[in-house]
Structures are given as structure tokens and as C-alpha cells.
Amino acid sequence: MRRRSLLALFPATLPILGLAACGLETPPPTTGYLPANAFGNSVIGEDPAMAAISEAAYAFAHPKRMQGRPAQMALAVACLDAMAGQFSTSGRWLSMNGLIKMEMLRARSTVRQMLGIPEDMPSQTVINSLVSASHAMAYGDRKAAEAVLSVPGFQKSPAQMIALLAHFPPVPVANRATMRAQRNFLPGGGGLSGSAFH
């Protein structure tokens, strides 16, 4: 009787409470995929996801060696952005340790902040811009690199982004996250089917 009387008194609040509950759900992380030509011909026959996480892990584990290599660093950041999203949204990675997924997202957020890339920027936009810039810089075409980095919403100028990519500082959270994710590909650490590319 008491429950019925409460429902009778507050019937209009029920839809509002339901909507509020829905609003509390966290949306999935933005997810993007590396273009098929991201690595050129250097990873033919290699698992694409392994290639991507290896690229990122190497770069963030060896910041001194990355000095003066903006093209390689841009590709590494694109790989981090791609795999952080995929680990948290793709069914392939359901068995991956949830802490690794969270750490990868934290690393992506940290690196984005350093580069002036908004947290809510679609991952595919970030990936496409960085991979295109990487290719342009690899061919010595700075103007083309600056053009593809002129993305509405990016908070640093293309010149500032290239300068930072050329002298990227150590990022401990990205180093830890990518190294732990890379171990997922070792025997017993997870399957190797699927693709990081679209």
C-alpha cells in the first residue's frame, strides 16, 4: 500500500529518473583506425595491431632516440590514439586486462593534451592528420605537413606541433601503457587475429 501511494504521489518523476539514469552512462571512447598505408611496406605479413602498438611502445620507451624524428613520432602518436580506442571498444580485446585499457586511454589523453588536441576530437580525425603529416615529413615536405595539421579545433599551430614532435619529452604514462599492452601479444597474453587498420 505504501509503495502504491508513493507512486501515486510522484508519477511524473519516474520518467525523469529514468532519463537521469541513462545520462549517467559513460559513452564509449572515440575510436579510429590507421589507414592501410600507415606503415608503407614495412609491416607486410605482420599483425597490424602488433605493428601499431610496437611503433608506439618503441617511441615512448626511447624518447632520446626520437629527438629530431618528427615523422616517426607523429606515427607513434597516431598508433597510440588508434589502439587506445580499439582496446576499449573492439570485441577482439574483451579479454584484455581492464587496467591496461584504462592506462592506454589515460596515455592518449596525456599525449593529446601535450599536443593541444582536444579530448573530444574524433580519433579518426587525429589519426588521419598525424599519419598524413608523418608521410609528408618523411618526404621532407614541411608545407604539406603543416597543411594536414591545420585541423579546426587543434589548439597548437602546425609549426608548434611539428616542433614538439621533433623534440617530444618523455611521457611515463605512455611508456608504461604501451609496454604493458605490447606484452598482451606474447604467448598467453591474447590472440593475434583482427586488424588495427580500416
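Residues numbered from 1 in each chain as written. Predicted model: local features only at pLDDT ≥ 70, side-chain atom pairs only at ≥ 80, totals over all residues. Heavy atoms only, no water.

(A) Up close: the nonpolar core. Counting residues in hydrophobic clusters, the biggest one holds 55 residues, and the most contacted among them are Leu34, Phe60, Met104, Val111, Leu115 and Phe168. Of all the secondary-structure elements, those providing two or more residues to this core are α3 (48–61), α4 (70–89), α5 (98–115), α6 (123–138), α8 (158–166) and α9 (172–183). Discounting residues that sit within four places of it in the chain, Phe60 has contacts with Met73, Ala76, Val77, Leu80, Val111, Phe168, Val171, Ala174, Asn175 and Thr178. (Core = buried A, V, L, I, M, F, W, Y, C linked by side-chain atoms within 4.5 Å. Buried < 20%, exposed > 50% of the residue type's maximum accessible area, 1.4 Å probe, protein only. Helix = DSSP H or I, 4+ residues; strand = E, 2+ residues; numbered from the N terminus. Contact = heavy atoms within 4.5 Å.)

(B) Geometry of the pattern of salt bridges. Using the criterion set out here, one finds 6 salt bridges in the structure. Arg180 is the salt-bridge partner of Glu103, the closest N and O atoms lying 2.9 Å from each other. Residue Glu103 is found in helix α5, and its partner Arg180 is found in helix α9; the two are separated by 77 residues along the sequence. Its relative accessible area of 7% is what places Glu103 among the buried residues. Linked by salt bridges that have partners in common, Asp81, Arg108 and Arg112 make up one network. (Salt bridge = Lys/Arg side-chain N within 4 Å of Asp/Glu carboxyl O.)

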